[in-house]
Every structure is written in structure tokens, then in C-alpha cells.
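A closer look at the structure
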Amino acid sequence: MAVDADLFAGLDEIRWARMRHAYGSAADVPGLLRGLIDPDPAVRESALDGMYAAVHHQGDVYPCTVAAIPFLLRVAERPDLPGRPEVVRLLAGIGSAEDPTALSGQYRKANEAVAAAYPLWERLLEDADPRVREAVAGVLPACARQRRAALARLTGRLAGEDDEAVRGAIVRTVGTLARREDADDAAPRDWLARLVTTESDPRLRLVALAELTSLPGAPDVPPVADVDDALEMLAAAYEPATAATAPAGCETDTLAVPAGFETGTLAVPAGFETGTLVGAVRRLREQDEAGRRSPGTAALVRGLSASFGDRVNERTRLLTGLLRSPDPERRLDALTPAGALVDGWRGDHGDLIGLVGERVRDGHPLTRSRAAGVLEHLGDLAAPAADALASALEATTGRALPHTEADGGHLPWVIERSHEPPTVSPALRALSGTGDARALPMLAWALDREPMPYDAASCVIRFGPRAAPLLPLLLRRLPGLPVGDQRRDGVIHVLAAIGPAAAPALPDLLGGPMTPPVPVALAAIGSGAGDCLPVLRRVAAAQDRRLAVPAARALWQLAGDADAALTVAGRCLDDDSEYAWREAADVLAWLGQATGPQIARLRRLARRKDRYGWLSLSAAHALWRITGDPDAVLPVLERVWTTNVHARRKVASLWAELGPAAADSYRLLTAELGRVRRHNAGEDGYSTAQVTDDEDLLARCRAALNAIGGRDAVAG
């Protein structure tokens, strides 16, 4: 394809090599820009991946990103060029279309450059290519100053638009603009409400309902449609399903999608591979729709569920209604948003989790594997699904399967991988997390496999002394696992969890390499302390804090030897590392005693304003345990509670220890218990311990309230 010379005029005059992007020199940017319009779709996809990976890495904007904008705009306005929809979506990300407020530096420059092209975006809403029109709707929110004009243009354009994807994009953009903080007019809300009640296309009605429901103040406005209405709309949206074709594919959520690349469809044909993240997202999107009777409905369900936000009861009613449906696609599509709800929000999820468990017994393999994934990290919360998990796992005929076949008809116990150790399957991990004894024989089988799954032992820890029947197997595996292998550490942690019944392991622990878990296990086992003490004294004298600290604690637990702990704490305090100071404070906290200079140092550390509060919290904890004086502790606890949500479990436990002296914590504790969102749930990441840590925080908050005396403590 011939390209006019002026398309990239001036490109090579820019000193790209003097600029940098996420992976170093930006000298490759001209090649990436030219690749975006290459006739070969594989070349275009590779260039697009390079732009997202380096030039717009995880949403970042660099000087080279800003310098690329004029050339991207030239591509966008040329109707004869391929790759334009992807370029427009890239510009939406670069221009911070998702949130163009309070920008500074390069981000502000990028937004201003994209917003200045507003006349172009208006013209492209009439472009002959529907994928371009769809992408343009997504870039308009970057044009904050043209908000009212964009709303008028979009709402007026809908009636003349005949492409379903573009119509949906228009409605979603109207919702985005209506949610802006400076939005003070009711017109967009009224327009969305009219669509919900008058539009003939049930899919568009659902998009409009999701946008309307997510608007600020929506819970205080009489709804134009409730959950039952939404289920009826969804039934109509699934109605084209006439053949009993089983759903196929998997969610694109299993991969991290590059910033700015979350919506829309790639305007490239299938049948080529690029080995890129963008290509993987494209393939997964294609797989997700392959074989479906009602393409696109999964996104409608996710969007509608998310639009209810903190209204957990309504989300639960919606999703349980879908999970009870006889339609396999509806059941499948409800699983991902059900997982998002339980992961991010508190509530009575018992019925929902029980229904997810029933999907583990579902006849369709993808439904079964996805349901197991929802339950994988819920811990005790997965108990309503335990019977379904156990029966499905006990009935499996493939106890170990390659990861490429793990979505097959049977749930494995172990998933094998080609270049790394195998793992325990999500279904078995979920059952183990509930503490259900039916998991123990399966975990024993996994522990006995070669190679041993890297997380098998960690699943056994949950069972504590009940794992004692596995002791002969654990002792057989321990000598063959190398030092530094997390599987070896996992086996030692299991021995510690078993406790005194693991006494037969003492010779192996004392005769083997000394690693940080070993002193912990020696202290937990307790028996044979006389043989352990010389070893522990030698280790406590080591310069390596990772060994000295647990050894000193074990000496205190087994022999009441405070001198070793005080010495180790002193060495840590003399270090120049905040991590060492925290370890010293933790040592002195469980010891409950300290020298005068150490107490003075702890007081200074408690007043220290470290960013996340971990150091001051550890110092305050030690001061309380040593002095019993709450005055130096309470201000620290309140400050850390406010500044670091991840420290709240420890703070709540300390309030419980302080009892009535912590009466002023009543307000913070009750506010936390009244929150709907999990304390550690955020938009910037997810932790596999998110649910279990939050449930633990709730239990600690209740214990603290009970200890301080509830309202009586405040009144007193």
C-alpha cells in the first residue's frame, strides 16, 4: 500500500533516541508508528503491542508518547488506512479518556493534544467503518471541555446508527460523561431512562440500565427497572439462542489487558499469530465468542452486575437468578461477576456460593472449571460449596492433567506445567481452604507425586494437627527437597502446624540445613527441647537476622531464655534498616520485656512518621506489651488505622488487648463493620488473600468491640 509522504512528514526529524519509554530508548517509535498501518495484520498487531508495552506502558505517558500523538491523529483521519480503530483506541488511552481530571505533566499535554482534535472526533462519528465509530465514542470522554457538545452529538447520533456495537458504545459514553463530577444536568439521566423503557433492542436497554444504575445518586432515585426487569431483559437478550450448542471459550479477564485496550473488537482477521499480549487478548476474545448462541451477553452481565456497585443484595439477586437458569450460557456468564462480587464486597454470600458450587457439578467443562476458580481463594467462605467440590473431585478420572487440558470434562487434583513444577488445582485448593477433611487424601496423593506440586504443602497447613496422618509422607519427602525450594519450607511449616505430634521429625530438622522455618517448627513441636536448645543458641548468635530472630523466639518459648532474645533485639536496633528495627520491636513485643535504652528507642520509633505506619505500629505494640501504658500506643493505632488499611487487622487485635482503654476506637470499629466494600479491595490490584484477610479483620473488629465494652465503654 502506498502511503503519502506527508503522513509521516517530520517523523524522522524528531530526536527519538534522546527520549525514553518503559523499556529504554524511544528510537524504535518511528518503526512502531509505521507498523500500525502496515497491510499485514500481524505486523500491525505487533506494532500495536509495542505501543502499549513501551510507549503507553500500563497507561503511562512519556515525552515520546506525546510526540507520537500528531502522527496517530494523521492515521485516524485517513479513511484509506488499515488499523484505524486500534489507533483511535490507543489515542483514547493516551488522552486519559477514562479520567481526564486533575492531570499534570505529560499526561496533561497528552490529554490536551487529544482533546484539541475534537472536530476530528465529531467527523469520525460518521465514518464509514463502524469499528472506527465505535472507537471514537470511547475517545470523546477525553474532551472534558466539550462535554455538553459531545453529549448532544452522541444522543442525537444514536437514532441514525444501525451498528449494534456502535450503539452500545454511544450509550456507554453518555453514561461516562454523566458520571463526571461536574455533571449537573439531568438530561443524560433522563435520556438513559427513556432508553431503558422505550428501546426495542433488549441488549441496548441493558447497556442503558447499567449506565443509569451506576450514576451518582441512583440508589436514591426511584428505579425505572428493578432486578426482575433486568432478568427479563437478559432473557430476551439470550433469546436468539435456538440451538443447544454448548458455550465455548474463556474470559479475557484471565489476561491483563493493556491500558486503553479494554473495549471494542479488533478489526483484524483471525488466522495469524503474533506471540504478543495484544494477540493473546484477541485470541481469547475470539474463543470467548466461539460456539456461543448469544455472543456478547457475558459483557452485558458483567456490566450490569458491576453497575449496582455497593448494592450487594441486588447484585446477588441478579446473579443467583442467572445461576439458577436452565440455560448453560446464563449460568456460565454469571460466574465471573459472582466471583467479583464475593472478592470485593462483604455480605451474606452463602446462597450465591452454594450455587457456584453446584456449577462445579455442571455438565459443561468450562462452567465447572470457572466455578472452581471463583471458589479457589475464599477459605472458610467456600464451605457452602464443599459437598459439590468434594463429590466432583472424588469422581474425577484425571487426577493430574496438563494445564492445556485443565478446562476439560473432569476436575483434576493437580495441574501439570511444561517448564515449572505442577500446582494443586483450583478445585482442590478451594476444598482445602474450607478445612474439609475430604481434601486430605487428595493432598496426600499430590504430596506423593513426582515432582511434588509447589503449593501442596501450603494447602495442608490449614488442617493443623489434623494433618498428623500425613507425617510419614512428609518425613519421606523432606530430605529430597533442596534448600531454598519453597516446597521444602512448606513441608516444615506443615510440621509446625501439626505441633507436638510431629516429634518424629526432630532428627531430620536438627540434622538438616538450618533455614528460617526450622526454629519455628522446633518451637511448635516442643518435645525434645533438650536436644534443640544447643542448636538454637548457636543459630540465635548468627548474624543472619532471618535465622537469629526465629531462633531467639524458639529459645524463649522452649526454655524461657530472654537473654538471647534481648541480644538479638539489640543487634537489630543497631542496624540501619527499618526492617531490622521492626524485627527488633516484634521480638520485644512477644518477649514482653526490654532494657531501658531499648524502651527509649521504641518510644522514638513509635513517634516516627513512616509512610505506611508498619514501623511505628510494631514499636507501639512492643511498648504496650512491655509497659502496659496505653497512652503512647493509642495515637499510633488510630493514625495507622487511617493511613494503612492493610495494617488494620493488627490494629484491631491491639485494641482488643487494650480493652476499655481503647474505648475511643468504637467509632472506627463500627464504621469498619458497617462498610460494604472489603477493606483491602481496590481498583489497583487483587490479592489471593483478599477475602480471607477481610473476613479475619471483621472477626478481630468484633472481638475488639466486645473487649472495649461496646457502647457502654464510650458512655463510661
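Summarised in this report is the structure supplied together with it.

The residue Gly344 is located in helix α16 (residues 328-344) in this model. Residue class for Gly344 comes out buried when judged on its relative accessible area of 4%. Distance from Gly344 to Asn680, taken between C-alpha atoms, is 8.3 Å for residues 336 residues apart in sequence. If we skip the residues at most four places from it in the chain, Gly344 touches Arg677, Arg678, Ala681 and Gln690.

Read from one edge of the open sheet, 3 strands run β3-β4-β5, paired in mixed fashion. Lying at the two open borders of the sheet, with one neighbouring strand each, are β3 (400-402) and β5 (423-424). Of the strand pairs in this sheet, strand β4 (residues 414-416) and β5 are connected by 2 bridges, and their pairing is antiparallel. Residue Val414 lies in a different strand from β5, and its bridge partner there is Val424.

Bringing unusual backbone geometry into the picture now. Here the amide bond leading from Glu450 into Pro451 is cis, since omega sits at 0 degrees, within 30 degrees of zero. By the element assignment, Pro451 lies in the loop between α21 (440-447) and α22 (456-461). Of note in this structure, Ser96 is not a glycine but carries a positive phi near 55 degrees. By the secondary structure assignment, Ser96 is in the loop between α4 (84-94) and α5 (105-115).

A cluster of basic side chains, namely Arg603, Arg604, Arg607 and Lys609, defines a positive patch on the protein surface. Tracing the sequence through the fold places Arg604 in helix α31 (residues 596-607).

On to helix α14 (residues 297-307). Burial in α14 covers these residues: Thr297, Ala298, Leu300, Val301, Leu304, Ser305 and Ser307. Phi turns positive, to about 55 degrees, at Gly309, one or two residues after α14.

Our next topic: the packing of aromatic side chains. Counted under the stated rule, the structure contains 2 aromatic pairs. Note on Trp413 and Trp445: the rings are 5.5 Å apart at their centroids and 90 degrees apart in plane angle, and the pair reads as edge-to-face. Note that Trp413 is positioned in the loop between β3 and β4 and Trp445 in helix α21, a separation of 32 residues in sequence. According to the relative accessible area criterion, Trp413 is buried, its value standing at 7%. Measuring from ring centre to ring centre gives 5.0 Å for Trp641 and Trp655, while their planes differ by 45 degrees; the resulting arrangement is tilted. Here Trp641, found in helix α33 (residues 634-643), pairs with Trp655, found in helix α34 (residues 648-658); they are 14 residues apart in sequence, far enough to count as distant. Trp655 shares its class with Trp641; the two are buried. Above the ring of Phe8, the side-chain terminus of Arg34 is found at 5.7 Å from the ring centroid. Across the ring face of Trp345, the terminal group of Arg677 is positioned such that the distance to the ring centre comes to 4.1 Å.

Below, the discussion takes up the layout of surface pockets. One simple way to see leftover space: roll a probe sized like a water molecule over the atoms. Of the voids in this model, the second largest pocket is the one considered here, and its volume is about 410 Å³. The wall of the second largest pocket is formed by 17 residues, among which His377, Leu378, Gly379, Gly433 and Thr692 lie closest to the centre. Of all the secondary structure elements, the ones that give two or more residues to the lining of the second largest pocket are α20 (426-433), α22 and α36 (690-708). No other element matches α20, which puts 3 residues into the lining of the second largest pocket. A class-by-class count of the residues in the lining of the second largest pocket yields 4 nonpolar, 7 polar and 6 charged.

Turning to the side chain of Thr434, a few remarks are in order. With respect to the helices, strands and loops of the structure, Thr434 is situated in the loop between α20 and α21. A polar contact of 2.6 Å, which involves the side chain of Thr434, links it to the backbone oxygen of Leu431. Within polar-contact distance, the side chain of Thr434 engages the backbone nitrogen of Asp436 at 3.3 Å. When neighbours within four sequence positions are excluded, Thr434 is seen to be in contact with Gly379, Asp380, Ala382, Ala383, Ala386 and Arg462.

As a further point, take the nonpolar core. By size, the foremost hydrophobic cluster in this structure holds 172 residues, and its most contacted members are Leu33, Trp121, Leu375 and Leu509. Excluding residues within four positions of it along the chain, Leu33 makes contact with Phe8, Leu11, Met51, Ala68, Phe71 and Leu72. One finds Val568, Leu605, Trp641 and Ala704 within the second-largest nonpolar core, a separate group that totals 51 residues.

Oppositely charged side chains may form a pair once their charged atoms are brought near each other. Applying the stated criterion across every chain yields a total of 50 salt bridges. Notably, a salt bridge pairs Glu672 with Arg346, separated by 2.5 Å at the nearest N-O pair. Taken together, the residues span a long stretch of sequence, with Glu672 in helix α35 (residues 666-674) and Arg346 in the loop between α16 and α17 (350-360) at a distance of 326 residues. By relative accessible area, Arg346 is classed as buried at 7%. Here Asp544 ties to Arg546 by a salt bridge, and the two come within 2.9 Å at their closest N and O atoms. A relative accessible area of 26% places Asp544 in the partly exposed class.

Cut-offs applied
- Residues numbered from 1 in each chain as written.
- Predicted model: local features only at pLDDT ≥ 70, side-chain atom pairs only at ≥ 80, totals over all residues.
- Heavy atoms only, no water.
- Helix = DSSP H or I, 4+ residues; strand = E, 2+ residues; numbered from the N terminus.
- Buried < 20%, exposed > 50% of the residue type's maximum accessible area, 1.4 Å probe, protein only.
- Contact = heavy atoms within 4.5 Å.
- Pairing = 2+ DSSP bridges.
- Patch = residues over 30% accessible without salt bridge, like charges linked within 9 Å, V, L, I, M, F, W, Y side chains within 5 Å.
- Areas by Shrake-Rupley, 256 points an atom, 1.4 Å probe, with all protein chains shown as cover.
- Salt bridge = Lys/Arg side-chain N within 4 Å of Asp/Glu carboxyl O.
- Lys, Arg positive; Asp, Glu negative; His and termini not counted.
- Charge placed at Lys NZ, Arg CZ, Asp CG, Glu CD.
- Phe/Tyr/Trp six-rings, centres within 6.5 Å; stacked < 30°, edge-to-face > 60°.
- Lys NZ or Arg CZ within 6 Å of the ring centre and 35° of its normal.
- 1 Å grid on protein atoms, 1.4 Å probe; cavity = no way out; pocket = protein on both sides within 12 Å on 5 of 7 lines; lining within 4 Å.
- Points joined across faces, edges and corners; volume = space filled by probe spheres on them.
- Nonpolar A, V, L, I, M, F, W, Y, C, P; charged D, E, K, R; others polar.
- Polar contact = N/O pair within 3.5 Å; in protein donor to acceptor, adjacent residues only side chain to side chain.
- Core = buried A, V, L, I, M, F, W, Y, C linked by side-chain atoms within 4.5 Å.

Structural measurements only, silent on function.
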